[in-house]
2 protein chains.
Amino acid sequence: MKDRISAYDVAEKAGVSQSTVSRVLNNYPFMKETTRQKVLTAIEELGFTRDEIARSLASKKTRTIGLILGDITNPFFSESAKVITRKAQEMDYNVILCNTNHSEENLNKYIQTLMGKRVDGIIIASADKDNQKIKELYDKGFPIILYNSIMEHDHANYIAVNNYKGAQLAVEHLYHFNHREISYIAGPSKYVTTHLRNLGFKDALDKFGLKMNEKFIYDREFSYDEVYLFAKNLLNQQIRPTSFFASSDQMALAVLDAAASVGISVPDQLSVIGFDDIDLAKNQFIGLTTITQPKEKMAMLTLEKLVGLIEEKEHVDAPIQIVLEPELISRKTTGIYKP
Amino acid sequence: MKDRISAYDVAEKAGVSQSTVSRVLNNYPFMKETTRQKVLTAIEELGFTRDEIARSLASKKTRTIGLILGDITNPFFSESAKVITRKAQEMDYNVILCNTNHSEENLNKYIQTLMGKRVDGIIIASADKDNQKIKELYDKGFPIILYNSIMEHDHANYIAVNNYKGAQLAVEHLYHFNHREISYIAGPSKYVTTHLRNLGFKDALDKFGLKMNEKFIYDREFSYDEVYLFAKNLLNQQIRPTSFFASSDQMALAVLDAAASVGISVPDQLSVIGFDDIDLAKNQFIGLTTITQPKEKMAMLTLEKLVGLIEEKEHVDAPIQIVLEPELISRKTTGIYKP
DNA sequence: CTGTTAGCGCATTCAG
DNA sequence: CTGAATGCGCTAACAG
């Protein structure tokens, strides 16, 4: 690889100073049009592109944001990431993608790395509720927003759905379909979002005078394989639930997988409801009943707010905390229970 | 935000020079252990983290690679991205994710941006077969590898499956299941990979003495909605195919969606086979018959080779061109055709 | 309107 | 084994 062409080379060729080159690169308005053109043609002829690294060092801005998420293969995350990266491109930002596999150790490591890379801001889509690094950054005034994640403490910006209500909607739906034995794939309560869903689930049960069967509750890690095994095992018991509420569509898919593996048909013998409304849920071959999260809107909002924090980080008086409303979409995987 | 702590601050606190701090940061071996400790504790106490931007400028390495792909919501890409990012983290590289939505304009823009950001290398997972920028970069000796993408010309490194054979396997399978009317969701021939699959498809047809019905071929963009509409329309005709071969599982899903929408049951009335073997294909609720790509292996290889190019880019004598073998996995969406 | 100058925070010679 | 000096390629005052 031959040596890079610098702004000095361009300056020399155009017969101007390097700072003039810098000015045209930055669209400085008060310039003689002829010199701008001279520089522009020199840039063209040399095939010059500016070194963003040097630019970042000098300007203290990288126009890069970090996006940390739990699992990019979960459509909820990839669909969100798609919106965020598109929007970012429109706003002239790049995104560094970090996949934690739901491990807090990875999360902290990635935060560290991203800070080292001097990103202008960070979006975190899977944060443990008591993570200290996030709190520290927030308190320092660093632009950081949680996407569908909430902290125990109030030291954070977040944009999320009303998870409590979402869970209630799910239980209501199942109850009205005559289900009394509901298995709940909750996920670990180290996330506030799942914690809130758990609360919503329990309160809804109470409301309908239903008792909770601890054996029907899965509260371990978000792992497709583990949930699959859990569901399969449950479905093989004498006394088994008539329905499942999974706190993500991905996990609902694992339940469907398990049901198919033991020959239980959905929705005739088992109802399944998810959470997220991933694109696949709409697929009529599957038709997953689920709770919508307004992903697109959430993702757009998150990026807009983040860029807002980055570009005018004066008034960080109150945290940004937005909660959107979920909705139930009934499709083919839930049906009326007939004993 | 208070001012950053620099290596000078650390140096001062430790009573050494900045270059010494730099040495411990870079694990320079020939140092007095006591000074190293002094520096280390100073770093600890100050909570110093080095500025990777400055480091990059000085060292001319960013330890960042660009990953350009067509659509992160297509599981084939997100599953590949997951492997690549994990592997990258292990090798101490970061990845900037770029989503082109299959537009060459975006592709070129992203390549430009990434070069500006001084990434050490680029992986491209959706490249138009005659893209000039890729050729230029390759010819300059810049580390760049195509992932499951091939160029018309030979100026490129790539790692891909034998797409030609994959398509043949699919047709063979369908043929042995008595299907004679096969619709093929090909995708645009601007990609060599799809072009090769098209060839494989046609040759297999010839081999079995089958005629190709042009109306059964979809050769436009990879768009879920368009494929859905195409398939739905076809399935509503008097004369309709008895089977579909889709050149990605994502598109196969669109076909299943369309079939469900018109009440055609799979595999009784219609067989569907995909390509990629995304995780979801294994889901027994769906059970998509498909052609495997050894994603994991391909992704690992790609990153290893790329890092190889980056870190020892002396012997770039011959291009890296690796072709892996696909395999057919028969599941539930294909069955024997009974007229 | 444009040139000069001084950093940005490190890595990297070169001395010692 | 360690310090001083220089520069990576650009931005951002400050002059003029």
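Chain A is annotated in an unreviewed UniProt entry as LacI family transcriptional regulator from Halobacillus trueperi.

A. Expanded view of the protein's contact with DNA strand D. Around DNA strand D there are 28 residues in total, and A7, Q18 and S22 of chain A together with T20 and R23 of chain B lie nearest to it. Backbone atoms, meaning sugar and phosphate, form 62% of the atoms of DNA strand D found within 4 Å of the protein. At 3.5 Å, a side-chain N or O of Q18 of chain A approaches a base oxygen of DNA strand D. Broken down by secondary-structure element, the contributors of at least two residues to the surface near DNA strand D are α1 (7–14), α2 (18–25) and α4 (52–59) of chain A together with α2 (18–25) and α4 (52–59) of chain B. Taken together, the residues of the surface near DNA strand D sort by class into eleven nonpolar, ten polar and seven charged.

B. Highlighting the protein's contact with DNA strand C. Looking at DNA strand C, there are 27 residues lining it, with S19, T20, R23 and T35 of chain A together with S22 of chain B nearest. K32 of chain A places a main-chain nitrogen or oxygen 3.0 Å from a phosphate oxygen of DNA strand C. T35 of chain A is positioned such that a nitrogen or oxygen atom in its side chain is 2.9 Å from a phosphate oxygen of DNA strand C. Breaking the surface near DNA strand C down by element, the ones donating at least two residues are α2 and α4 of chain A together with α1 (7–14), α2 and α4 of chain B. Sort the elements by how many residues they give to the surface near DNA strand C and α2 of chain B lands first, with four residues. Class assignment of the residues belonging to the surface near DNA strand C gives a composition of eleven nonpolar, nine polar and seven charged.

C. View of the interface of chain B and chain A. Counting residues at the interface gives 54 residues for chain B and 54 residues for chain A. Of the roughly 4,900 Å² buried where chain B meets chain A, counting both sides, 61% is carbon and sulfur surface. At the boundary of chain B with chain A, the tally comes to four salt bridges. One salt bridge in this structure joins K82 of chain A and D71 of chain B, with 3.2 Å as the shortest N-O distance. At the surface where chain B touches chain A, the tally comes to 22 residue pairs in polar contact (both at pLDDT 80 or more). When residues of the side of chain B that touches chain A are traced back to their parent elements, those giving at least two are α4, α5 (75–90), β2 (94–99), α6 (104–116), α10 (224–235), α11 (249–261) and α12 (279–282) of chain B. When the residues that make up the side of chain B that touches chain A are grouped by side-chain class, the tally is 19 nonpolar, 19 polar and 16 charged.

D. Region of interest: the domain arrangement of chain A. Per the domain assignment, the segments of chain A are domain 1 (7–50), domain 2 (64–161 + 294–325) and domain 3 (163–293). Its C-alpha centre places domain 1 of chain A at a distance of 61 Å from the equivalent point of domain 3 of chain A.

E. Local environment of the pairing of strand β3 (residues 121–124) of chain B. Of the two faces of β3 of chain B, both are covered, the one formed by G121 and I123 of chain B as well as the one formed by I122 and I124 of chain B. Once the chain exits β3 of chain B it traverses helix α7 (residues 132–140) of chain B before rejoining the sheet at strand β4 (residues 144–147) of chain B, and the crossover so formed is right-handed.

F. Representation of the nonpolar core in the model. Core analysis: the biggest nonpolar cluster contains 153 residues, and I185, F244 and F245 of chain A together with I185, F244 and F245 of chain B have the highest contact counts within it. Among residues more than four places away in sequence, those in contact with F244 of chain B are L174, S183, I185, A231, L234, L235, V255, L270, S271, V272 and I273 of chain B.

Thresholds, definitions, all that
- Residue indices follow the written sequence of each chain, beginning from 1 at its first position.
- A letter from A marks each chain and a number from 1 marks each ligand, given out in the order of writing.
- Local features in this predicted model are restricted to residues of pLDDT 70 or higher, and side-chain atom pairs are both shown and tallied only at a pLDDT of 80 or more, whereas totals for entire chains, interfaces and linings draw on every residue.
- Excluded from the side-chain calculation are hydrogens and water; included are all heavy atoms of the structure.
- If a single non-hydrogen atom of a residue is within 4 Å of a molecule or strand, that residue counts as near it.
- For this analysis, a polar contact is any N or O atom pair within 3.5 Å, provided that within protein one partner can donate a hydrogen and the other can accept it, and provided that sequence-adjacent residues contribute only side-chain to side-chain pairs.
- Only DSSP runs of H or I reaching four residues or more are called helices, and only runs of E reaching two or more are called strands; each is numbered from the N terminus.
- For this classification, the nonpolar set comprises Ala, Val, Leu, Ile, Met, Phe, Trp, Tyr, Cys and Pro, the charged set comprises Asp, Glu, Lys and Arg, and every other residue, Gly included, is treated as polar.
- By definition in these notes, contact holds between two residues if any of their heavy atoms fall within 4.5 Å.
- Buried area: the accessible area, evaluated with a 1.4 Å probe, that two parts lose upon being put together, summed over both parts.
- Salt bridges, as used here, are contacts in which a Lys or Arg side-chain nitrogen is within 4 Å of a carboxyl oxygen on Asp or Glu.
- The split of the chain into domains comes from an automatic or database domain assignment.
- When a residue's accessible area, from a 1.4 Å probe over protein chains only, is under 20% of the maximum for its type it is buried; when over 50% it is exposed; and in between it is partly exposed.
- Crossover handedness is defined here as right-handed if the route from the first strand over the helix to the second strand goes clockwise, with the strands pointing away from the viewer.
- Put simply, buried Ala, Val, Leu, Ile, Met, Phe, Trp, Tyr and Cys residues joined by side-chain atoms within 4.5 Å make one nonpolar core.

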